[in-house]
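# Commentary on secondary and tertiary structure
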Amino acid sequence: FPKRLAQLAGRARVAGPTCRIRPQLFQAAQQRSKTGSISAPLAPEPPFPTVVVYNQSKHATNSVLADIRAVWGSRVRVIQTLEEGNQRLPGMDAALYVRPKSWGDLDHFKERLDFMCTQDHELARHRSSRQVVFMPGWSAFAESAEAAVGVEALNLVWPGTEPKASQGLEKIGFKRICEAVGAPTPPFTVLSEEDAPKVDLTDPDAKEACVKEFIDKVLKMNFHEKGLIKSIHGGGGKGTAHLTHPDKEPEVRRAVEKVVTEMNRTDGIYFEQRVNTKGDGRFYQIELEVDGETVAEGGRFVWFNSALQKVVEIGLNDDKITMFMPADLYQKSRKWAGDIAKMGKNNTRATMEALVFQNETGEFECTFIECNRRPQVENEALALLQRDDKGHRRYTFAELMMRAKGYPAPQFEPATDANVVLHARWLHGNPDSHGKITYQAGNILGMNGPRLDYIKSELMAPGEISFTSDPQLGKAVITADSWEEMCDNAAEYFRLRTPAVMGAASTYAQTMYNLFTSPKFRAGKTASNETFAHIDIPDHPARSVLTVLKEQVSPVIVNGYRKGEGIDPDRYPTKSVCAGLEELTDKLATSAPEITAFTCFARGEATYEQYVGDLKLKLEKQGGGWVTVAPRDTCQQGNDSESAAISNISRINAEVWAQKAGCVGYETGGAQYQAGLIRGFDPATILRLGLPYNMPAHSLQRSQYVNGLAELTPEIRRPLFESTAEIVAQHYRGAGGTDSWVPWQPYNFHAGNFYCEKTGYSPQDDTTLELLDAKCLPMPNWVFSPKFPLEALKKWTERQIDIFEKKGLALQQLRIKNPGQGVGWTADTLW
């Protein structure tokens, strides 16, 4: 915590969007940087303190996180957006949960973001001062001009292509720019413009009319060559359909319906002629990266399957490019790429894709097909071919943050330690001879095998394999000095290292090994569109003892020989408990809590006295108030103090509904901390989860025992109270320390109200004073019992008033607590 506090020191503290900002307490947001061109690793400070990653792919999200951590470590707070019920990746600082299948719905994202800002005061401050970057990673969403405008409207920073430039560089606009600058591009016909009116695809008649309109446009071309129906919103093989006979209505209908169904939209659809239709049909796909208008060194060649899904990508420096295309054609393509970027007013990272082939006369041609206005999955296959002037490699997502802050693209130099870089994808499935992969279910635990020197980057997202978001599990980036060495390294890698998967085995690693040991591929004669055509495809994965245990022995142990036998799968928390928790979380996330005087006091925008004054008025108006003891007393006895696990959801419920019903405090603490310690949890995390937005938290503290079962000395208690105060202050106020009273109001009591008349010793009085020294606001407790006369209560009360006066504070609140449910605990006796 002190390290985190030191990192936050000196940053601007900005109130949430509904609080009044006191100018003397808060600084204005930093102005856009005008610093010269430097790479991300050379930046003195991160350009932004907070990043929200918005991508359903665990691998894409993990890649963003890896770049940021590699450059700035923990100095940037990274928040993962993920669907409810999923677990955030290791290394993430926080999670923002959204409804399942709501990706791309910015209205829903805004709802959840607004709610999170009421719970996360640091996020609220950074958002209000435009210091939060919205990082979509690589996806069609990342290059949507509409998405960019929507993100900016949320007061978040969009790190991608400027919306107007993005519109100009989308697939159809890109081809028009190619024609304008003289860059070759396949002939095309627009079926619907990007800004075409939306069609209600839930209406069968409207959908059929739109499909029929597209079919008619294709047939009117009177074209007989092979082509593709493509959507500008597609990518990764999605939104593209092969069309072998564009003059035959049934085949055209199948292609059009496939694209419309996959994209679930009808704008931005076009027909494009396939290349090299008069030659042998083979081609190599090259990718040229630009940063602004600067073309990066080297080219990246791509190999994919029959569904146009990329399998491997290999970056080559300029000297190695001639293996696949003539040097003069390569230089022309670089010139064209720069001209396209300039005319399109590109302002950040983008990738130009082109196809290289030999026509029917044997002459090489290069034709551009599209521009991705976002980082590519395979970006490192070029990034590792360059270095800045201090020898640092490029980090794509860190560079995006630099551009968003206003830093211009720096000059990079060719790397001296690699001439060839392979980006290999990790999938878990069984490829066929066309490269179509039958994916296998399982749970990723990590990687098996030795770490190899030539692996410069490797990621493997742990957890359940998802077929709906992104089947890519991870990557391996392998460097070499030559094409032959790269093939050797890749073959060794896929032979020795494999994902540790709880589930069915797959043939993917063996297939990749066969590819890189293939004589034709090693000779550079395997075209991009024939990746799996010349290699042996394994019939089945290799079976090991572990495979037998997983697939045959484990099911018998768990389920028994007959259904219903074996281990009982229902253990706490059961499925119904988890389902109820998910349902309640979803309902609560739709209503932001009301702001109160406590909110402003907690955030440093009002004094303690102002908060107490408002509390008195509320109690007078209500005729009293109440404090909720859920979850402490509602779960503790029945579930062995498991209330620690639901402290967060219980607090949110109190903020939204208990507050509306007159609740003025939330009890948390002792039982939750003990339960956490028993299970190896962090008590500081449980503390933060129990700090409400609009009412104080009251933690039960047993005088010199604090929250444990052992007596603590003043030397131990004081730093504990000071650290607690710092945690609470940082939670609500960010940097700034504990110069003013901290919104932490623990109950402090001694079971026997002990006080020595001769020496004046009272453990309760001592700990109350220590808490006040730490700038906390303890609430002294009198333990009620008929054994203590009213005179003792009077003297105790006077001592509490004196203790607070020593610290310049008026005593405002006391609490009476029963020591147990004895026979003396009756209403008559209490009165």
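### Here's the deal with the pairing of strand β11 (residues 299-304)
- For β11, the tally of buried residues reaches six of six residues, placing the bulk of the element in the interior.
- Side chains of β11 alternate between two faces, with Gly299, Phe301 and Trp303 and Arg300, Val302 and Phe304 buried alike.
- Of the pairings in the sheet, the one linking β11 to strand β12 (residues 310-316) comprises six bridges and is antiparallel in character. Within the sheet, the bridge partner assigned to glycine 299 lies in β12 and is leucine 316.
- In sequence, β11 turns back onto β12 through a hairpin of five residues, with leucine 308 there showing a positive phi of about 65°.

### Considerations on unusual backbone geometry
- Its identity as a non-glycine residue notwithstanding, asparagine 222 has a phi of 55°, on the positive side.
- By secondary structure assignment, the location of asparagine 222 is in the loop between α8 (204-220) and β6 (227-235).
- A positive phi angle is found at serine 703, which is not glycine, with a value near 50°.
- With respect to the element layout, serine 703 can be found in the loop between β27 (697-701) and α24 (714-733).

### Considering a nonpolar patch on the surface
- A surface patch of nonpolar side chains, amounting to about 570 Å² of accessible area, comprises Val545, Leu546, Val548, Leu549, Val553, Ile557 and Val558.
- Turning to its location among the elements, valine 548 is positioned in helix α16 (residues 545-559).
- Valine 548 sits in the partly exposed class, given a relative accessible area of 32%.

### Thoughts on the packing of helix α4 (residues 121-128) against α24
- Relative to each other, α4 and α24 sit at 35°, their axes nearing to 6 Å. Only Gln730, His731, Tyr732 and Arg733 of α24 make contact with α4, whose side of the interface consists of His121, Glu122 and Arg125.
- Along the lines of polarity and charge, the residues of the contact of α4 with α24 split into one nonpolar, three polar and three charged.

### Structural notes on α8
- For α8, which comprises 17 residues, the first-to-last C-alpha distance of 24 Å matches the rise-based estimate of 24 Å (1.5 Å per residue) to within 8%.
- Along its buried surface, α8 packs onto β5 (188-192), β6, β7 (238-243), α9 (249-263) and β8 (269-273).
- At the exit of α8 stands asparagine 222, carrying a positive phi of roughly 55°.

### Regarding the pattern of salt bridges
- Within this structure, the stated rule accounts for 49 salt bridges.
- Between arginine 403 and glutamate 399 there is a salt bridge; the shortest N-O distance is 2.7 Å. Highlighted residues: arginine 403 and glutamate 399, both in helix α12 (residues 396-405), separated by four residues, approximately one helical turn.
- Look at arginine 403 and you get buried, because its relative accessible area is 8%.
- Here arginine 718 and aspartate 773 are joined by a salt bridge, their closest N and O atoms 3.2 Å apart.

### Observations regarding the side chain of glutamine 440
- Take glutamine 440: it is sitting in the loop between β19 (437-439) and β20 (442-448).
- From its side chain, glutamine 440 meets the backbone oxygen of threonine 438 in a polar contact 3.3 Å long.

### Observations concerning the sheet that holds β20
- Sheet architecture is open: three strands sit in the order β22-β20-β24, paired in antiparallel fashion. Where the open sheet ends on each side, the last strands, each with one partner, are β22 (463-464) and β24 (498-503).
- Sheet topology note: the β20/β22 ladder contains two bridges and is antiparallel. Bridge pairing in β22 links isoleucine 444 to glycine 463.

### Details of the nonpolar core
- The biggest cluster of nonpolar side chains holds 65 residues, and the ones touching the most others in it are Phe368 and Phe516.
- With seven residues, helix α13 (residues 483-496) is the largest single contributor of residues to this core.
- Leaving out residues up to four positions away in the same chain, phenylalanine 516 has contacts with Val312, Leu422, Met486, Cys487, Ala490, Ala491, Phe494, Phe521 and Arg522.
- Counting residues in hydrophobic clusters, the runner-up holds 34 residues, among them Leu687, Val728, Tyr732 and Leu809.

### Regarding the confidence of the model for the chain
- Per-residue pLDDT for the chain has a mean of 86; in total, 90% of the residues score no lower than 70.
- When the criterion is pLDDT under 50, residues 1-35 qualifies, and its contacts beyond four places in sequence or with other chains add up to 75 contacts.

### Focus on the environment of glutamate 45
- For glutamate 45, the position within the fold is in the loop between α1 (2-8) and β1 (50-54).
- Glutamate 45 sits 39 residues away from glutamate 84 along the chain, and the two C-alpha atoms are 33 Å apart.
- In this view, glutamate 45 contacts Trp72 and Arg75; residues no more than four positions away in its chain are not counted.

### Remarks on the sheet that holds β6
- The strand order across the open sheet built from four strands is β5-β8-β6-β7, with neighbouring strands paired in antiparallel fashion. Each edge of the sheet is formed by a strand with only one pairing partner; in this case those strands are β5 and β7. Taken pair by pair, the neighbouring strands of this sheet meet at an average axis angle of 20°, ignoring direction.
- In terms of strand pairing, β6 meets β7 through five bridges, oriented antiparallel. Looking across to β7, one finds that isoleucine 229 is bridged to alanine 241.
- Lying over the sheet, α8 contacts β5, β6, β7 and β8, oriented at roughly 160° with respect to β5.
- Packing against the sheet, α9 makes contact with β6, β7 and β8, and its axis sits at approximately 175° to β7.

### Some points on a negative patch on the surface
- Among the surface-exposed residues, Glu791, Glu798, Asp802 and Glu805 lie close enough to one another that they form a single negatively charged patch.
- Note on placement: aspartate 802 falls in helix α26 (residues 790-806).
- Look at aspartate 802 and you get partly exposed, because its relative accessible area is 43%.

### As for the state of the cysteines
- What the rule picks out here adds up to zero disulfides.
- Take cysteine 178: it sits in no disulfide, and the sulfur closest to it among the cysteines is that of cysteine 371, at 9.0 Å.

Conventions and cut-offs
Residues numbered from 1 in each chain as written. Predicted model: local features only at pLDDT ≥ 70, side-chain atom pairs only at ≥ 80, totals over all residues. Heavy atoms only, no water. Buried < 20%, exposed > 50% of the residue type's maximum accessible area, 1.4 Å probe, protein only. Helix = DSSP H or I, 4+ residues; strand = E, 2+ residues; numbered from the N terminus. Pairing = 2+ DSSP bridges. Patch = residues over 30% accessible without salt bridge, like charges linked within 9 Å, V, L, I, M, F, W, Y side chains within 5 Å. Areas by Shrake-Rupley, 256 points an atom, 1.4 Å probe, with all protein chains shown as cover. Salt bridge = Lys/Arg side-chain N within 4 Å of Asp/Glu carboxyl O. Axes fitted to C-alpha atoms, helices over the stretch in contact; angles between N-to-C directions. Contact = heavy atoms within 4.5 Å. Nonpolar A, V, L, I, M, F, W, Y, C, P; charged D, E, K, R; others polar. Expected span 1.5 Å × (residues − 1). Polar contact = N/O pair within 3.5 Å; in protein donor to acceptor, adjacent residues only side chain to side chain. Core = buried A, V, L, I, M, F, W, Y, C linked by side-chain atoms within 4.5 Å. pLDDT = per-residue confidence, 0-100. Lys, Arg positive; Asp, Glu negative; His and termini not counted. Charge placed at Lys NZ, Arg CZ, Asp CG, Glu CD. Disulfide = S-S within 2.5 Å.

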